[in-house]
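Residue-level listing of the chains:
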Amino acid sequence: MLMVRPQIVAWALLAPATIYLVVLFVAPLVQVLFLSFTDPKLSANHFIRVFSAPLYLRTLGVTFQAAFTVTAACLVLAYPLAYVMARSKGRLGIILLAIVGISFWTSFLVRTYSWLVIFGNRGPIAALYEAMGWGEMPQLLFTSFASTLGMTHLMLPYMVMALYAVMSRIEDNYVRAAHSLGAPPFAAFRTVYFPLSLPGVINGSLLVFAIVMGFYVTPQLLGSPQSRMISQLVAEQVNELLAWGFASALAVVLLAATAIVITIYNRVAGLDRLWGD
Amino acid sequence: MPIVIIFALIVTVFLFAPVLIVVPMSFTTSQSYAFPPPGYWTGQYAKYFSDPTWYLPTINSFTIALGTAILTLALVIPAAYAVVRYRFKGRAFANMFLITPLLVPTIISAIAYYKYLSYPKLVGTHIGVILAHTCLATPVAMLIMAAALKGYDRNLERAAMMSGAGVLRTFFYVTFPVLRPGIVVAGLFAFLNSFDETVVSLFIAGRAASTLPKRMFESIQLDTDPVIAVVSTMLFLLVICMFLLQALLRRRQFHGS
């Protein structure tokens, strides 16, 4: 029988996917990097502009702030829900899991559209204001609030799933042991359960933070035109101004910011966790 | 504990209730996003099925998602096999590299493809969108395929080999049939990933290959066409059906074993 070194077999099997990604993923990104320094001429001017103009610095601030707010809000809302899902053995757990699963799979656009109806000036909130005689309802649509709430709603199932994946593997016995050793319920939770659930907290937070940093659809459809996120500026530069060089520079800054977040995560938790090795 | 359960239930309502609004909205007689609807009829459904600017993107989305699923599986099955089965130099790097598309914000991929695919004139074509979507679907399919391979009993293969089957024969008669459920799930995730993908399609699908998410985005941004509620309702029902189907399949598998 022909003996081939495993090293060669492994790379032969990996070759199609690797070559495909190099040609159709890495190369387009390298081109963006290239354009950011060369379009229209060789210089670092685009980057100087990003970091010196107040408008762009503000956009970076808005982007990070949105990512932080949405991540924190998701964590606060998702943790108790995932906890109940993981700890209730009966029908309740199954129903909650089904609802989170269905929400997870429902298209972002469908859910963004629902918020558009809800916040709209002919929507249910407006109808409630009119029925109660509260007068004019506050402007909700096209505000940072609508965008943040919409993104929180969209990212919530991701956070719940990340938490649930870890929490469902925490054995009841650990907490029971803490109880039987005399720990009051909250102390048992704080010193035993919470530390065990931390990997889920970290995974979920990274996932949500990284996705929100580059979010385009929801801020564009629900958010305020006055406080836009970096992804919206990138799109505008390309679509309306055809300013490829500057759009590319903004994209590179966004990519670098995302890379920094992921690197910090990798230091803290290790990305290979994703593989469950 | 009861307080925690009540809080969890409130969060669940926040998660689920807003989506339900699309069902009554799809039967509205109004030409705007008014809720509650002033009256009910099925005219918006008739409009969806007779308007090519709505049903053609739906067909495009199915075609593109199917193409993406097939291409992604062709790349991912051997790659996942290599990463799970072999210990070799560069394995950690390969692991990492194949999930990078997951970590790059889609707006960046979108503008990158818009420029890059314009040279071979693939912007606005089905093939262009399939090529781009395959990159984006690779990480998820890879993670699922690798997990399926890890849970697989290698002794089955050893038994086949000892009984005299060659490498290829073993793969096609033993490895592949056992892995089929994992392959189906990986393919399904790749399909859904493409079917739902909005941002890259928005930039590169153009008119001819316009996808359903692109059409929905443009509908929301440009007018208040209530047909979008029809599409939303159908997508929502599709998700519920698929969810029930997989629960049923899992239950049958459970009872079968």
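All figures in this text were calculated on a predicted structure; none of them were measured in a lab.

Caption draft 1: The overall build of chain B, seen in detail. For chain B, the helix and strand inventory stands at 13 helices and zero strands. Starting at the N terminus, the α and β elements of chain B follow one another as α-α-α-α-α-α-α-α-α-α-α-α-α. Projected onto its principal axes, the C-alpha positions of chain B cover 70 × 60 × 35 Å. Restricting the contact set of chain B to residue pairs at least 6 apart, pairs at least 24 apart contribute 74%.

Caption draft 2: Spotlight on the overall build of chain A. The helix and strand inventory of chain A stands at 12 helices and zero strands. At 23 Å, chain A has a C-alpha radius of gyration far larger than the 19 Å of a compact globule built from 277 residues. In terms of overall dimensions, chain A has C-alpha extents of about 85 × 70 × 35 Å along its principal axes. Sequence-distant contacts, at least 24 apart, represent 74% of the contacts inside chain A between residues at least 6 apart.

Caption draft 3: Broad picture of the interface of chain B and chain A. With 67 residues of chain B at the interface, the matching set in chain A holds 72 residues. Tallied by class, the residues present in the side of chain B that touches chain A amount to 56 nonpolar, eight polar and three charged.

Caption draft 4: Expanded view of helix α11 (residues 230-239) of chain A. Across the 10 residues that make up α11 of chain A, a large majority, eight, are buried. Turning to α11 of chain A, its buried residues are Ile230, Ser231, Gln232, Leu233, Val234, Ala235, Gln237 and Val238 of chain A. Looking at the packing, one finds that the buried side of α11 of chain A touches α3 (54-87), α10 (217-222) and α12 (244-268) of chain A together with α7 (106-116) of chain B.

Caption draft 5: Fine view of the domain arrangement of chain B. All names here are of chain B. Domain annotation of chain B identifies domain 1 (57-225) and domain 2 (226-257). For domain 1 and domain 2, the distance between their C-alpha centroids amounts to 21 Å. Classifying every residue of the side of domain 1 that touches domain 2 gives three nonpolar, one polar and one charged.

Caption draft 6: Structural detail: the packing of helix α8 (residues 172-180) of chain A against helix α9 (residues 185-213) of chain A. All names here are of chain A. Packing of α8 against α9 leaves a shortest axis separation of 9 Å and a crossing angle of 160 degrees. Viewed along their axes, α8 and α9 adopt a mutual orientation that is roughly antiparallel. Considering the relative orientation of α8 and α9, their crossing is right-handed. Counting all contacts with α8, which are made through Tyr174, Val175, Ala178 and His179, the residues of α9 involved are Ala188, Thr191, Val192, Tyr193 and Leu196. Across the contact of α8 with α9, the residue classes break down as seven nonpolar, two polar and no charged.

Caption draft 7: Structural view of helix α8 (residues 126-150) of chain B. Residues and elements named next belong to chain B. Counted at 1.5 Å a residue, the expected span for α8 with its 25 residues is 36 Å, and the 34 Å between its end C-alpha atoms agrees. Ala137 marks where α8 bends most, by close to 40 degrees; the proline Pro139 follows one to four residues later. Most of α8 is tucked away: 20 of the 25 residues are buried.

Caption draft 8: Structural detail: the environment of Pro199 of chain A. All names here are of chain A. Tracing the backbone through its elements, the reader meets Pro199 in helix α9. Classification of Pro199 as partly exposed rests on a count of 18 C-beta atoms within 10 Å. Non-local contacts of Pro199, meaning those with residues more than four positions away in its chain, are made with Val166 and Ala269.

Caption draft 9: A look at unusual backbone geometry. A cis geometry characterises the amide bond from Asp39 of chain A onward to Pro40 of chain A, with omega recorded as 0 degrees. Structurally, the position occupied by Pro40 of chain A is in the loop between α1 (6-38) and α2 (45-52). With an omega of -5 degrees, the peptide bond between Phe35 of chain B and Pro36 of chain B qualifies as cis. At Leu242 of chain A, a position not held by glycine, the phi torsion is positive, near 50 degrees. Tracing the sequence through the fold places Leu242 of chain A in the loop between α11 and α12.

Caption draft 10: How the structure looks around the environment of Pro54 of chain A. Structurally, Pro54 of chain A can be placed in helix α3. Between the C-alpha atoms of Pro54 of chain A and Ala162 of chain A, which are 108 residues apart in sequence, the distance is 37 Å.

Calculation criteria
Residues numbered from 1 in each chain as written. Chains lettered and ligands numbered in written order. Predicted model: local features only at pLDDT ≥ 70, side-chain atom pairs only at ≥ 80, totals over all residues. Helix = DSSP H or I, 4+ residues; strand = E, 2+ residues; numbered from the N terminus. Contact = placed C-beta atoms within 7 Å. Rg over C-alpha atoms; globule rule 2.2 N^0.38 Å. Nonpolar A, V, L, I, M, F, W, Y, C, P; charged D, E, K, R; others polar. Buried ≥ 20, exposed ≤ 12 C-beta atoms within 10 Å, placed from the backbone. Domains from an automatic or database assignment. Axes fitted to C-alpha atoms, helices over the stretch in contact; angles between N-to-C directions. Parallel < 35°, antiparallel > 145°, perpendicular 65-115°, else oblique. Left-handed = near helix turned anticlockwise from the far one by under 90°. Expected span 1.5 Å × (residues − 1). Bend = angle between axes of the 7 residues up to and from the residue.

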